Amino acid sequence: SPSNIGSGWNGDGTAISRHRLTFNGTTNFVLLNNSMSLPSADEDRTVCVWARNSGGGANRILFSQGSSMATDGKFEIGMTASPSGAVVVRSGNQSQATSSAIWTIAGWHNICVSKSSSEIKIYDDGAPVYSGIATGWTTAMHATARIGTDTTASDYWLGDIGIVLVYPSVLTQLQVTQACN
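Rules of the game
- Residues numbered from 1 in each chain as written.
- Predicted model: local features only at pLDDT ≥ 70, side-chain atom pairs only at ≥ 80, totals over all residues.
- Heavy atoms only, no water.
- Helix = DSSP H or I, 4+ residues; strand = E, 2+ residues; numbered from the N terminus.
- Areas by Shrake-Rupley, 256 points an atom, 1.4 Å probe, with all protein chains shown as cover.
- pLDDT = per-residue confidence, 0-100.
- Contact = heavy atoms within 4.5 Å.
- Disulfide = S-S within 2.5 Å.
- Buried < 20%, exposed > 50% of the residue type's maximum accessible area, 1.4 Å probe, protein only.
- Phe/Tyr/Trp six-rings, centres within 6.5 Å; stacked < 30°, edge-to-face > 60°.
- Lys NZ or Arg CZ within 6 Å of the ring centre and 35° of its normal.
- Core = buried A, V, L, I, M, F, W, Y, C linked by side-chain atoms within 4.5 Å.
- Salt bridge = Lys/Arg side-chain N within 4 Å of Asp/Glu carboxyl O.
- Pairing = 2+ DSSP bridges.
- Arc of directions from axis to C-beta.

### A closer look at the overall build of the chain
Stage number 1. Per the secondary structure count, the chain includes one helix and 13 strands.
Stage number 2. Overall, the chain shows an N-to-C arrangement of helices and strands of β-β-β-β-β-β-β-β-β-β-β-β-β-α.
Stage number 3. Of the roughly 7,600 Å² of accessible surface on the chain, 49% is carried by carbon and sulfur atoms.

Structure below.
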């Protein structure tokens, strides 16, 4: 079962207005100190985030966990400026996976990223949009996690986040689809 570290779920998979966090793209984020129940950098995981983008044009991070040091362990999921609207997964100071452009302004998406020791998969609303080899993951991982920014608090999300679920395992496509509905 997931570690529910976000907010807002009404039972049918729809993020609803009274259960969302709005991020301004410049200073807003949620700091989750002492997130020891989350998987470390080299452990299997699936992270699912319900989010709505209010503006592109910059790197925007939905969820991050780890150190603010570029070479230390970190796990980040966000949207890239180039290609605009693509989902990116970063570890250390490098991108590990980048999907095709999927974000639209004002549209809600359920982004799920599954990472095993050998593979990364990105899903958009339950449909696979990227699959590739997982390389370059460091084993050092600090307990701090953030919603709405990266580990250095510099790439802020602009829009709404309705829920964040972290599973300590790799979900199948069917399980991801069920989590989206």
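The discussion continues.
### Regarding the confidence of the model for the chain
Where the model shows low pLDDT, its predicted coordinates should not be examined in detail.
Stage number 1. Looking at the chain, the pLDDT average stands at 77 and 73% of residues meet or exceed 70.
Stage number 2. Counting contacts from residues 1-16, a segment whose pLDDT is below 50, to residues more than four positions away or on other chains yields 40 contacts.

### Regarding the state of the cysteines
Stage number 1. Counted by the stated rule, this structure contains one disulfide.
Stage number 2. The partner cysteine of Cys-48 in its disulfide is Cys-112, sulfur to sulfur 2.2 Å. Across the disulfide from Cys-48 to Cys-112, rotation about the S-S bond amounts to roughly 115°, and the bridge is consequently right-handed. One end of the pair, Cys-48, is in strand 4 (residues 45-53); the other, Cys-112, is in strand 9 (residues 108-115), and 64 residues separate them in sequence.
Stage number 3. Among the residues examined, Cys-112 registers a relative accessible area of 0% and is labelled buried.

### A word on the packing of aromatic side chains
Stage number 1. The full count for this structure, using the stated rule, is one aromatic pair.
Stage number 2. Ring plane angle 45° and centroid distance 6.1 Å describe the contact between Phe-29 and Tyr-156, whose orientation is recorded as tilted. A residue pair is termed long-range when its members are at least 10 positions apart, and Phe-29 in the loop between strand 2 (21-24) and strand 3 (30-32) and Tyr-156 in the loop between strand 12 (145-147) and strand 13 (158-167) qualify at 127 residues.
Stage number 3. Taking relative accessible area as the criterion, Tyr-156 reaches 13% and is therefore assigned buried.
Stage number 4. Sitting over the face of the ring of Phe-75, Arg-45 holds its NZ or CZ atom 4.3 Å from the ring centroid.

### Thoughts on the nonpolar core
Stage number 1. Membership of the largest hydrophobic core comes to 27 residues, with the highest contact counts inside it found for Phe-63, Trp-103 and Ile-161.
Stage number 2. Secondary structure elements with two or more residues in this core: strand 4, strand 5 (60-66), strand 6 (74-79), strand 7 (86-91), strand 9, strand 10 (119-124), strand 12 and strand 13.
Stage number 3. Among residues more than four places away in sequence, those in contact with Trp-103 are Ala-51, Arg-52, Asn-53, Leu-62, Met-79, Gly-85, Ala-86, Val-87, His-109, Ile-111 and Trp-157.
Stage number 4. In this structure, Ile-163, Leu-171, Ala-179 and Cys-180 belong to the second largest nonpolar core, which totals eleven residues.

### Observations regarding unusual backbone geometry
Stage number 1. Phi at Asp-125 takes a positive value of approximately 50°, unusual for a residue other than glycine.
Stage number 2. Following the sequence through the fold, Asp-125 ends up in the loop between strand 10 and strand 11 (127-133).

### Thoughts on the pattern of salt bridges
Side chains bearing opposite charge may pair, as long as their charged atoms lie close to each other.
Stage number 1. Tallied over the full model, the rule gives three salt bridges.
Stage number 2. Its salt-bridge partner being Lys-121, residue Glu-119 comes within 4.0 Å of it at the nearest N-O pair.
Stage number 3. For Glu-119, a relative accessible area of 31% translates into the label partly exposed.
Stage number 4. If you follow the salt bridges from partner to partner, you end up with Arg-20, Arg-52 and Asp-160 in one network.

### Here's the deal with the pairing of strand 5
Stage number 1. Within strand 5, seven of the seven residues are buried, which leaves it mostly tucked inside the rest of the structure.
Stage number 2. Of the strand pairs in this sheet, strand 5 and strand 6 are connected by six bridges, and their pairing is antiparallel. Each residue of the ladder has a partner; that of Phe-63, found in strand 6, is Ile-77.
Stage number 3. Pairing analysis gives three bridges linking strand 5 to strand 12, with the strands arranged antiparallel. Following the sheet pairing, Gln-65 is matched in strand 12 by Ala-145.

### Re helix 1 (residues 173-180)
Stage number 1. All of the buried residues along helix 1 are Val-176, Ala-179 and Cys-180. Buried residues of helix 1 fall within an arc of 100° about the axis and therefore sit on the same side. Facing away from the buried side of helix 1 by more than 90 degrees, the exposed set consists of Leu-174 and Gln-178.
Stage number 2. Of the surrounding elements, those touching the buried residues of helix 1 are strand 4, strand 9, strand 10 and strand 13.

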